[in-house]
Amino acid sequence: GAPSATATATTTTARATSREILSKIDFQATKAPKMPIETLASILDRELYEKEWFVTGNVNPIYFDDKFKFQDPDVKVTGVEGE
């Protein structure tokens, strides 16, 4: 059946919130300097947990190369902006 008014309103609100979050990300920010992989892993783990990147899209682009690629069975992206 058709989605309920509540489900539609929730989806619309979630899209608006996602756009707000993404509009605040500085994708042109200077990249972080090279660092030991253990340090980077610790930072990424903390930020992933705190910002819930996979849920919110609130990624910190300073840790990703412009040619970053990610793929799993459901998602394939190139670049931290998900081009």
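So, here is what we can say about the structure in this document. (Residues numbered from 1 in each chain as written. Predicted model: local features only at pLDDT ≥ 70, side-chain atom pairs only at ≥ 80, totals over all residues. Heavy atoms only, no water.)

### Focus: the overall build of the chain
Within the chain, the secondary structure is distributed over three helices and two strands. Order of helices (α) and strands (β) in the chain, N terminus to C terminus: α-α-α-β-β. Here the chain, with 83 residues, has 17% of them falling under the buried criterion. Taking contacts inside the chain between residues at least 6 apart in sequence as the whole, the part at least 24 apart equals 45%. (Helix = DSSP H or I, 4+ residues; strand = E, 2+ residues; numbered from the N terminus. Buried < 20%, exposed > 50% of the residue type's maximum accessible area, 1.4 Å probe, protein only. Contact = heavy atoms within 4.5 Å.)

### Some points on the side chain of Asn60
In this fold, Asn60 is placed in the loop between α3 (53-56) and β1 (69-71). When residues no more than four places from it in sequence are discounted, the contact partners of Asn60 are Glu47, Lys51 and Trp53.

### Concerning unusual backbone geometry
Backbone geometry at Glu52 places phi at a positive 50°, although glycine is not the residue there. One can find Glu52 in the loop between α2 (37-51) and α3. Its relative accessible area of 44% is what places Glu52 among the partly exposed residues.

### Observations concerning the packing of aromatic side chains
The tally for this structure, following the rule as stated, stands at two aromatic pairs. Ring centres of Phe64 and Phe68 lie 4.7 Å apart, and the angle between their planes is 75°; this geometry places the pair in the edge-to-face category. Here Phe68 falls in the partly exposed class, since its relative accessible area comes to 26%. (Phe/Tyr/Trp six-rings, centres within 6.5 Å; stacked < 30°, edge-to-face > 60°.)

### Let's talk about the pattern of salt bridges
For the structure shown, the criterion picks out two salt bridges. Notably, a salt bridge pairs Asp66 with Lys31, separated by 3.3 Å at the nearest N-O pair. Separated by 35 residues along the polypeptide, Asp66 in the loop between α3 and β1 and Lys31 in the loop between α1 (5-23) and α2 bring together distant segments of the chain. Of the charged contacts, one joins Glu47 and Lys51 as a salt bridge, the two residues approaching to 3.7 Å between their closest N and O atoms. With Glu47 and Lys51 both in helix α2 and four residues apart, this pair spans about one turn of that helix. Given the relative accessible area of 8%, Glu47 is considered buried. Exposure remark for Lys51: the relative accessible area of 29% places this residue in the partly exposed category. (Salt bridge = Lys/Arg side-chain N within 4 Å of Asp/Glu carboxyl O.)

It is worth stressing that arrangement in space is one thing and function is another; only the former is reported here.
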